[in-house]
Amino acid sequence: MTDQEETKTKSEVEEIIQEETITVDEDTADELAAEEEGGSEEVSASEAKTAERKKRSAAKRAPKKQSILNPDLEERVVAVNRVAKVVKGGRRFSFSVLMVVGDKKGHVGYGLGKAREVPEAIKKATMNAQKHMITVPITRGTLPHAVLGEFDAGKILFKPACDGTGVKAAGAARSILELAGVKDVLTKSLRGNNPHNVVKATFKALKSLRSVKQIADLRGLDPRQLRISKKIADR
C-alpha cells in the first residue's frame, strides 16, 4: 500500500470512531435524562406522601368541636359507678355516670359518660343524653294509656292516673317521668332494680306510647270518631 492509501484509511477509521463516539454519547445522554425524569417523579411522589401525612397529623391534633349544652334542659344523675382497672403499676380508677335530661315539656333523654373524673363523666353523659332525646305524648298531665316496659331484667308497669295523684314512682323511673313533664302516674316495678335496666325499660315503655291523635291518623279517622272508654274521655 502507498502512503496516500494508508493516510486515507487512517482518516476513514478516525471518522468511524468519532461517529460511534457521538452515537454512544447521545445514548448515554438519553439514559441520563430518563433517569433524571424518573428520579424527579419519585421525589414528587415522596413529597406528596409527606404532605398527606402532615395533613393527617394536623387533623388528629386539631381540637374536636364540643357540642353546646342546652341551658333549658334539667339534668339529674341517676347512678355513679367507680371502675378499677388493674395494670402493672397498680390500679387505675375511672367513673361511669348515667344521666337523665329533660325540659318537662314532653322531651327527655338519657346518656352514659365515662371519664377519669366525675365532672367530666357527667359532662359526657349530658351531651350524650341530649343527642338521644325522645318525645313523650302527655294527655292532661298523665300518660294516654297503660304500658309495660321491659328490658333485660328490668320490667315496669305504667298506668295513667287522675289529677292530684302525683308521680307514684321511685328511683330512675321517677326522675325520667318528672323530667318528661308527667304529673300524675301510677307505676309498679315487677322485676329488677338495676338502674341501667330500669332506665332502658322506662324509655322503651315511653317510646311505645301513642296519643289519641296518633291512633286516629294511623286509622285515617277523626279523633272524635274513635271509640274511647269513659275514663280516657274524662281525662
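Structure: see above.
All of these numbers come straight from a predicted model, not from anything done at the bench. (Residues numbered from 1 in each chain as written. Predicted model: local features only at pLDDT ≥ 70, side-chain atom pairs only at ≥ 80, totals over all residues. Heavy atoms only, no water.)

Caption draft 1: Focus on the packing of aromatic side chains. Under the defined criterion, the tally for this structure stands at one aromatic pair. Centre to centre, the rings of Tyr110 and Phe203 are 4.8 Å apart; their planes meet at 55°, and the pair counts as tilted. Residue Tyr110 is located in strand E3 (residues 107–115), and its partner Phe203 is located in helix H4 (residues 195–207); the two are separated by 93 residues in the primary sequence. For Phe203, a relative accessible area of 2% puts it in the buried group. (Phe/Tyr/Trp six-rings, centres within 6.5 Å; stacked < 30°, edge-to-face > 60°. Helix = DSSP H or I, 4+ residues; strand = E, 2+ residues; numbered from the N terminus. Buried < 20%, exposed > 50% of the residue type's maximum accessible area, 1.4 Å probe, protein only.)

Caption draft 2: Spotlight on unusual backbone geometry. The phi dihedral of Lys104 is positive, around 60°, even though this residue is not glycine. Within the secondary structure layout, Lys104 lies in the loop between strand E2 (90–102) and E3. Of the residues examined, Lys104 reaches a relative accessible area of 44% and is grouped as partly exposed. Even without glycine at this site, Arg140 takes up a positive phi of about 55°. Inspection of the secondary structure assignment puts Arg140 in the loop between strand E4 (133–135) and strand E5 (147–151). Judged by its relative accessible area of 58%, Arg140 falls in the exposed class.

Caption draft 3: Focus on the sheet that holds strand E7 (residues 167–168). As summarised here, the arrangement of the four strands in space is E5-E6-E8-E7, forming an open sheet in which the pairing is mixed. Every other strand in the sheet has two partners, leaving E5 and E7 as the edge strands with one partner each. The pairing of strand E6 (residues 154–160) with strand E8 (residues 185–191) spans six bridges and is antiparallel. What sits directly across from Pro160, in E8, is Val185. Along the sheet, H4 contacts E5 and E6; its crossing angle with E5, the most-contacted strand, is approximately 140°. (Pairing = 2+ DSSP bridges. Contact = heavy atoms within 4.5 Å. Axes fitted to C-alpha atoms, helices over the stretch in contact; angles between N-to-C directions.)

Worth remembering: the numbers are spatial, not functional.
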